[in-house]
Amino acid sequence: MDFTNKDLVSIRDLDRSQIEYILDLSKEMVPYARGEKVKRALDGKIVASLFFEPSTRTKLSFQSAAMRLGCDVIDVSEMSMTSIAKGETLADTIRMVNAYSDAIVLRHPYEGAARLAAEVSNKPVINAGDGAGSHPTQMLLDLFTMKEAKGTLDGLNIALVGDLKYGRTVHTLAQALTMFGVKLTLVAPESLQMPQDIVDSLKSKGCNPIRTSNLEDAIDEADVLYVTRIQKERFPDPTEYQKVAGTYRIDNAILKDAKDDLIVMHPLPRVNEIATEVDSTRHARYFQQAFNGVPVRMAILCAIMGGEM
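Computed from a predicted model, the values in this text were never measured in an experiment.

### Focus: the overall build of the protein chain
Logical step 1: Scanning the protein chain from N- to C-terminus turns up 10 helices and nine strands.
Logical step 2: Against the compact-globule benchmark of 19 Å for 309 residues, the protein chain has a radius of gyration of 19 Å, which places it among compact chains.
Logical step 3: In terms of overall dimensions, the protein chain has C-alpha extents of about 55 × 45 × 40 Å along its principal axes.
Logical step 4: Expressed as a percentage of its 309 residues, the buried residues of the protein chain come to 56%.
Logical step 5: Surface accessibility of the protein chain: about 13,200 Å² in total, with carbon and sulfur atoms responsible for 47%.
Logical step 6: Looking at the protein chain, you have 36 positive and 42 negative side-chain charges, and the mean spots of the two groups are 2 Å apart.

### Side note on the environment of Ala174
Logical step 1: The residue Ala174 is located in helix H6 (residues 168–177) in this model.
Logical step 2: For the pair Ala174 and Ile11, spaced 163 residues apart in the sequence, the C-alpha separation amounts to 10.0 Å.

### As for the sheet that holds strand E8 (residues 224–227)
Logical step 1: The five strands are arranged E7-E6-E5-E8-E9 in an open sheet whose pairing can be described as parallel. Strands at the two margins of the open sheet, each flanked by one partner only, are strand E7 (210–212) and strand E9 (263–265). Geometrically, the sheet is characterised by an average inter-axis angle of 20° between neighbouring strands, direction not taken into account.
Logical step 2: Of the strand pairs in this sheet, strand E5 (residues 157–161) and E8 are connected by four bridges, and their pairing is parallel. Along E8, the bridge assignment pairs Leu160 with Tyr226.
Logical step 3: Running at roughly 165° to E9, helix H5 (residues 136–150) makes contact with E5, E8 and E9 of the sheet.

### Some details on the side chain of Gln18
Logical step 1: Among the secondary structure elements, Gln18 is positioned in helix H1 (residues 16–33).
Logical step 2: Since its relative accessible area comes to 17%, Gln18 is described here as buried.
Logical step 3: In this view, Gln18 contacts Met1, Phe3 and Asp13; residues no more than four positions away in its chain are not counted.

### Section: the pairing of strand E1 (residues 46–51)
Logical step 1: Across the six residues that make up E1, a large majority, five, are buried.
Logical step 2: Sheet topology note: the E1/strand E2 (residues 72–76) ladder contains five bridges and is parallel. The residue bridging Leu50 from the neighbouring strand is Val76, located in E2.
Logical step 3: Note on the crossover from E1 through helix H2 (residues 57–68) to E2: the handedness is right-handed.
Logical step 4: Direction of pairing for E1 relative to strand E3 (residues 103–108): parallel, over a ladder of five bridges. The residue of E3 that forms the bridge with Phe51 is Arg107.

### Description of H6
Logical step 1: Judged by how many residues are buried, H6 sits mostly within the fold: 10 of 10 residues are covered.
Logical step 2: Those residues of H6 lying buried are Arg168, Thr169, Val170, His171, Thr172, Leu173, Ala174, Gln175, Ala176 and Leu177.

### With respect to a nonpolar patch on the surface
Logical step 1: On the surface, Ile74, Met96 and Tyr100 cluster together into a nonpolar patch covering about 290 Å² of accessible area.
Logical step 2: Positionally, Met96 belongs in helix H3 (residues 90–98).

### Here's the deal with the pattern of salt bridges
Logical step 1: Counted by the stated rule, this structure contains 14 salt bridges.
Logical step 2: The salt bridge partner of Glu53 is Arg107, with a shortest N-O separation of 3.5 Å. Of this pair, Glu53 sits in the loop between E1 and H2 while Arg107 is found in strand E3, placing the two residues 54 residues apart along the sequence.
Logical step 3: On the accessibility criterion, Glu53 (12% relative accessible area) is buried.
Logical step 4: Measuring nitrogen to oxygen at the nearest pair gives 3.3 Å for the salt bridge that ties Lys150 to Asp261.

### Regarding the side chain of Thr145
Logical step 1: Its place among the elements puts Thr145 in helix H5.
Logical step 2: Of note is the side chain of Thr145, whose polar atom sits 2.9 Å from the side chain of Asn292.
Logical step 3: Those residues in contact with Thr145 that sit more than four places away from it in its chain are Met265, Arg285, Gln289 and Asn292.

Cut-offs and rules
- Residues numbered from 1 in each chain as written.
- Predicted model: local features only at pLDDT ≥ 70, side-chain atom pairs only at ≥ 80, totals over all residues.
- Heavy atoms only, no water.
- Helix = DSSP H or I, 4+ residues; strand = E, 2+ residues; numbered from the N terminus.
- Rg over C-alpha atoms; globule rule 2.2 N^0.38 Å.
- Buried < 20%, exposed > 50% of the residue type's maximum accessible area, 1.4 Å probe, protein only.
- Areas by Shrake-Rupley, 256 points an atom, 1.4 Å probe, with all protein chains shown as cover.
- Lys, Arg positive; Asp, Glu negative; His and termini not counted.
- Charge placed at Lys NZ, Arg CZ, Asp CG, Glu CD.
- Pairing = 2+ DSSP bridges.
- Axes fitted to C-alpha atoms, helices over the stretch in contact; angles between N-to-C directions.
- Contact = heavy atoms within 4.5 Å.
- Right-handed = clockwise from strand over helix to strand, strands pointing away.
- Patch = residues over 30% accessible without salt bridge, like charges linked within 9 Å, V, L, I, M, F, W, Y side chains within 5 Å.
- Salt bridge = Lys/Arg side-chain N within 4 Å of Asp/Glu carboxyl O.
- Polar contact = N/O pair within 3.5 Å; in protein donor to acceptor, adjacent residues only side chain to side chain.

So, in structure tokens, the structure goes:
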């Protein structure tokens, strides 16, 4: 399957067969991501890492992935370090970065920034998160984590919990999961429920999600509990954040009636929505999920930048 020089901006850029190809390639990358084997499939290539919004896991895992493949990385960590601070447009910045790299990984606080970058760039652009919009590489590592744990994605019972309004991670993930015939339960306070346009899109693809504010309603039958942080930084009104902060907390007591093979996932960082006592249980997968960003992003870079397998 040929991904060479293709952009990865949103879930709309992928179909099921392409997702499965990336997941299969990601599995091959695991020993290389762990450093057990060495692969220099992209030796001599340069990745531009443009992160205009705070990030730990996405940024470091992309850089680790690039280095594991033999790439050099040129890095910008904030807008104040670029000519954007002097008034240069994002489009002009991207046009300049084209001259210095073979692919661009962009994280930006504004929805639509990655699509704009892809339109003006003649090098492939990978969206590492744009505002409350899309986060396609997070979606792929989430799917990889689920598949590795459960053996399949088809027909899983998945509960998405927390900030479903502003959470770009769950927006992208929910859209992808419709390709695998899953049962979705959306657990959130009414003010943070999944946006109606996304729910309508899910329904148009044959998925009729259950919406509830009661976490206990979702846990008993769930195969995957995907927990998200309620994102203070996304709220235009701090008083609205205070109304919903701490609404859900996953601890051992609430998991006592869960399936033995339930997995608990979280895109991280967590604040207090998952108790640390859960970390040592058979359910916890969020740190494995964070590691999975490396082999998955290795697969994405290798596929897009034409690395020889």
